[in-house]
Amino acid sequence: MEKEMYYAVGRRKRAIARVFISPGKGKMEVNGKNLDDFLKRGNLVRMVKQPLVVTDTEGKYNIKANVKGGGTSGQAGALRLGIARALIKHDESMRGALKE
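Residue numbers run consecutively from 1 along every chain, following the written order of its sequence. Owing to the predicted nature of the model, reporting of local features is limited to residues with pLDDT of at least 70; listing and counting of side-chain atom pairs is limited to 80 or more, with chain, interface and lining totals taken over all residues. Working from all heavy atoms in the structure, the side-chain values ignore hydrogens and water.

## As for the nonpolar core
The nonpolar side chains of soluble globular proteins are, as a tendency, buried together. Residues grouped as a nonpolar core are buried Ala, Val, Leu, Ile, Met, Phe, Trp, Tyr and Cys residues, joined through side-chain atoms within 4.5 Å. Burial here depends on accessible area, computed with a 1.4 Å probe over protein chains only, as a share of the maximum for the residue type. Under 20% is buried, over 50% is exposed, and the range in between is partly exposed. Within the largest apolar cluster, 27 residues are counted, with the highest numbers of intra-cluster contacts made by V19, I21, L35, L39, V48, L79 and I83. For the purposes of this entry, the term helix denotes a DSSP run of H or I that reaches at least four residues, the term strand denotes a run of E that reaches at least two, and both are numbered from the N terminus. Breaking this core down by element, the ones donating at least two residues are β1 (6–12), β2 (15–23), β3 (28–30), α1 (35–39), α2 (42–54), β5 (61–68) and α3 (72–90). Top element by residues in this core is α3. It accounts for six residues.

Written out as structure tokens, the structure is:
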């Protein structure tokens, strides 16, 4: 049985994030590290989790991402966009909440 996985790319400034989401318990891994260890700043971590909070899906998806280029702020923005796009691929009805 193959687990369903959704893929999307997010870009911001010079940063590019390749994001993979799959149903799970909310584990977030970026470049092989835990999200908190990767970003180190609470406001950036909150920014990355925004799409999950808005759609009330926090803790329902495991997220793996690879990020290249840019600074930490640009990387966080690219992650946020990538997560939002992957959520829309999984469930088109989330588009309205994410667009706001």
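## Notes on the pattern of salt bridges
Any carboxyl oxygen of Asp or Glu within 4 Å of a side-chain nitrogen of Lys or Arg constitutes a salt bridge here. Taken as a whole, this structure holds two salt bridges when the rule is applied. As a salt-bridge pair, K27 and E29 come within 3.7 Å of each other at their nearest N and O atoms. With relative accessibility at 55%, the residue K27 sits in the exposed group. In this structure, R95 and E92 form a salt bridge, with 2.8 Å as the shortest nitrogen-oxygen distance.

## Structural notes on the pairing of β1
Pairing analysis gives seven bridges linking β1 to β2, with the strands arranged antiparallel. What sits directly across from V9, in β2, is R18. Counting the residues between successive antiparallel strands, the hairpin from β1 to β2 contains two residues, one of them, K13, with a positive phi of roughly 50°. Strand pairing is assigned whenever DSSP identifies at least 2 bridges connecting the two strands.

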